Amino acid sequence: MKIRDIQTAVIEANYDWTIVKVLTDEDIVGYGECFVAPGLTRTIGELKPILIGQDGRNIDKLCRLLREAGITAGPVGGTIFHAIAGIETALWDAYSKWLGVPLFRLFGGAFRTQIRIYADCHAGEGLSSLSAICTPRIPWWMSETGETVRFDEIHMRAHGGLSEEAKELPNPSAYAKRAKQVKEMGYTALKFDVDIPNPYMRDEFNRCLDNREIDLIASLVEAVRNAVGKDTDIAIDCHWRFSSESAIRLAEAIAPYRLLWLEDPVPPDSVEALERVTDYSPVPIATGENHYTRQHFHDLIVHGGVHIVSPDFQKTGLLEGKRIADLAETFTVPVAPHNISSPIGTMASAHLCATIPNFLVLEHHGIDVPFWEELAIGWDGQIIRNGYIELSDEKPGIGIELNEEIAYQYRRKDEPFFDRV
Ligand code: MG
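Residues numbered from 1 in each chain as written. Predicted model: local features only at pLDDT ≥ 70, side-chain atom pairs only at ≥ 80, totals over all residues. Heavy atoms only, no water.

Another aspect to go through is the sheet that holds strand E7 (residues 149-150). Taken together, three strands build an open sheet; the order of strands is E5-E6-E7 and the sheet is antiparallel. The open sheet has two edge strands with one neighbour each: strand E5 (129-130) and E7. In terms of strand pairing, strand E6 (residues 136-138) meets E7 through two bridges, oriented antiparallel. Note that in E7 the partner of Ile138 across the bridge is Val149. (Pairing = 2+ DSSP bridges. Helix = DSSP H or I, 4+ residues; strand = E, 2+ residues; numbered from the N terminus.)

Here it is in structure tokens:
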């Protein structure tokens, strides 16, 4: 199964879903997905000559060659790793199709075929879309002009201080309404953002939470808990915004609501800051979506004391993801993978989750993207039903193909779309 070509396409959704397509000399095609990064498809193009003509079944070796080639650009993470993760998944998809087996068979088989999914509910609002550098935008297919509308958040901050939305108080009843709606879709676990602009912020940069902000966040969590009852799990995401002391004070305030986890309380580059939080937090702490290798996760677990790890397999790749999960299992640490992907990355992640004994729950970040389900073909009915993805032995590879016609309708216009001109 020799690699004949590597092509890319980018779908402009709530994120840039970057799809890698591997073509082989046996006419088997594999799809994979990368976590968004600036310059990603160009990076994949630079790596491509290393792969052409190689036996696409030697996946671990090929990924090592790619990482070594990119070692000066990204020795421990970043765009190079995102690019390799998408290529790797496409190779696993092609190889398991070549063997005629579902992908989970290649990683040790299934501990379960019903994969539990949690819904990311943002800050209670509907669809919001972010560019490759995490600035808000309106996708071209939603904008009045038919062109992507970009907001220069940095410019706004420099010239206007806090944005208009920061002057409004986040509304617990909006969080509660959203929680009820998503629970009714069948999900048994929900996640909300709580690092939200609000009028009580005294300083945008010092990471310190005012007591009124802590009370406000606690009121949002209380509203969600009251809306969904005891039988639904709730997680909250802080996006690395807070200092250790503020994170501990926040955790103490929300402890009565029995959260599944509090995610990314402190900046990702300080294991010591994480350790301060995990030492004193009465709420389980999850982190890991900005880490790439088993060495990083060893530090997070052994030195950072993290309670739940949340690797993103579109960053780590699937094989390193499995190694991270195995490492976590030796410490009885559960794995709750981060995931903001289209159906391609989500299905690949679901297959890996089937093989991880210490799997907890997998993220779905696309509940507001109207065409998320339509992007897949070869699947009967909805991919996510009642908060689960059900895998079977009937479908080889990741179990779906990309619907390229739908993907083309929502493509990023300034990016290549596979081999179409
Ligand atoms: Mg997160």
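Looking now at the packing of aromatic side chains. Scanning the entire structure with this criterion turns up twelve aromatic pairs. Judged by centre distance (6.2 Å) and plane angle (70°), the rings of Trp17 and Phe371 are edge-to-face. Note that Trp17 is positioned in strand E2 (residues 16-24) and Phe371 in the loop between strand E13 (362-364) and strand E14 (376-377), a separation of 354 residues in sequence. Residue Phe371 is classed as buried on the basis of its relative accessible area, which comes to 0%. In this structure an aromatic cluster arises from ring pairing among Trp17, Trp141, Phe371 and Tyr410. It is Lys21 that lies over the ring of Phe418; its NZ or CZ is 4.8 Å from the centre. (Phe/Tyr/Trp six-rings, centres within 6.5 Å; stacked < 30°, edge-to-face > 60°. Buried < 20%, exposed > 50% of the residue type's maximum accessible area, 1.4 Å probe, protein only. Lys NZ or Arg CZ within 6 Å of the ring centre and 35° of its normal.)

To summarise the sheet geometry, strands pair through backbone hydrogen bonds and adopt either a parallel or an antiparallel arrangement. Taken in spatial order, the three strands of this open sheet run E1-E2-E3, and their pairing is antiparallel. The open sheet has two free edges, formed respectively by strand E1 (3-12) and strand E3 (29-34), since each of these has just one partner strand. In this sheet, adjacent strand axes meet at a mean angle of 20° when their direction is disregarded. With six bridges connecting them, E2 and E3 associate as antiparallel partners. (Axes fitted to C-alpha atoms, helices over the stretch in contact; angles between N-to-C directions.)

For helix H9 (residues 294-302), the set of buried residues is Phe297, Leu300 and Ile301. Buried residues in H9, looked at end-on, bunch into an arc of 90°, giving them a common side. Turning to H9, the residues buried within the fold contact helix H8 (271-280), strand E11 (285-287), strand E12 (308-309) and helix H11 (318-329). (Arc of directions from axis to C-beta. Contact = heavy atoms within 4.5 Å.)

A cluster of like negative charges, contributed by Glu272, Glu275, Asp279 and Asp299, occupies part of the molecular surface. Ranked by residue count, the leading element in the negative patch is H8, at three residues. Within the element layout of this structure, Asp299 appears in helix H9. (Patch = residues over 30% accessible without salt bridge, like charges linked within 9 Å, V, L, I, M, F, W, Y side chains within 5 Å. Areas by Shrake-Rupley, 256 points an atom, 1.4 Å probe, with all protein chains shown as cover. Salt bridge = Lys/Arg side-chain N within 4 Å of Asp/Glu carboxyl O. Lys, Arg positive; Asp, Glu negative; His and termini not counted. Charge placed at Lys NZ, Arg CZ, Asp CG, Glu CD.)

Taking 1.5 Å of rise per residue, the twelve residues of helix H12 (residues 343-354) would be expected to cover 16 Å, and the 16 Å separating its terminal C-alpha atoms lies within 8% of that figure. With twelve of twelve residues buried, H12 is to be regarded as a mostly interior element. Considered for burial, the residues of H12 that qualify are Pro343, Ile344, Gly345, Thr346, Met347, Ala348, Ser349, Ala350, His351, Leu352, Cys353 and Ala354. (Expected span 1.5 Å × (residues − 1).)

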